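What the coordinates show
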Amino acid sequence: MDQYLITGYDYTDDGAFERRMNVRPHHLDGVRELKKKGNYIIGGAMLNEQGKMIGSTMILQFENEEELEAWKRNEFYITQKIWESVDIKPFKVADV
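Calculation criteria
Residues numbered from 1 in each chain as written. Predicted model: local features only at pLDDT ≥ 70, side-chain atom pairs only at ≥ 80, totals over all residues. Heavy atoms only, no water. Core = buried A, V, L, I, M, F, W, Y, C linked by side-chain atoms within 4.5 Å. Buried < 20%, exposed > 50% of the residue type's maximum accessible area, 1.4 Å probe, protein only. Helix = DSSP H or I, 4+ residues; strand = E, 2+ residues; numbered from the N terminus. Contact = heavy atoms within 4.5 Å. Polar contact = N/O pair within 3.5 Å; in protein donor to acceptor, adjacent residues only side chain to side chain.

Residues I6, L34, M58, L60, F62, W71 and W83 are the most contacted members of the largest nonpolar core, which totals 13 residues. Of all the secondary-structure elements, those providing two or more residues to this core are β1 (2-10), α1 (16-37), β3 (53-62) and α2 (65-74). Once you skip the residues sitting within four places of it in the chain, W71 turns out to touch I6, L34, M58, L60, F62, I78, W83 and I88.

This is the structure we're talking about:
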């Protein structure tokens, strides 16, 4: 499987954090589904100096680019405008 490092930076408008918290349960349900299918490796929220969530980092794996694109079309943090920008880079988890 191809692995990817995904970094999403949240919007910074006045309603951004509340929007994130409202969508978060749906995002986490999606992550649980990815984990069941073997696509999720690790992930979590990025925090600012005050400990407030400001983005996310995930390492996911997919059989092909089409599966990655399908995930992007259905990821709640993308479709519900939580992540203002998303950076996806090929990644290789060290086999130690």
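This part is about unusual backbone geometry. At K81, a residue that is not glycine, the phi angle is positive and equals roughly 60°. Its place among the elements puts K81 in the loop between α3 (76-79) and β4 (83-91).

Time to look at the side chain of R20. Along the chain, R20 falls in helix α1. R20 sits in the buried class, given a relative accessible area of 2%. Residue contacts for R20: discarding those within four places in its chain leaves D10, A45, M53, G55, S56, Y77, I82 and W83.

Turning next to the side chain of S56. You can see S56 is positioned in strand β3. Looking at S56, the relative accessible area reads 5%, which means it is buried. Side-chain polar atoms of S56 contact the side chain of R20, separated by 2.9 Å. Not counting chain neighbours up to four residues away, the residues in contact with S56 comprise I6, T7, G8, R20, G44, A45, M46, Y77 and W83.

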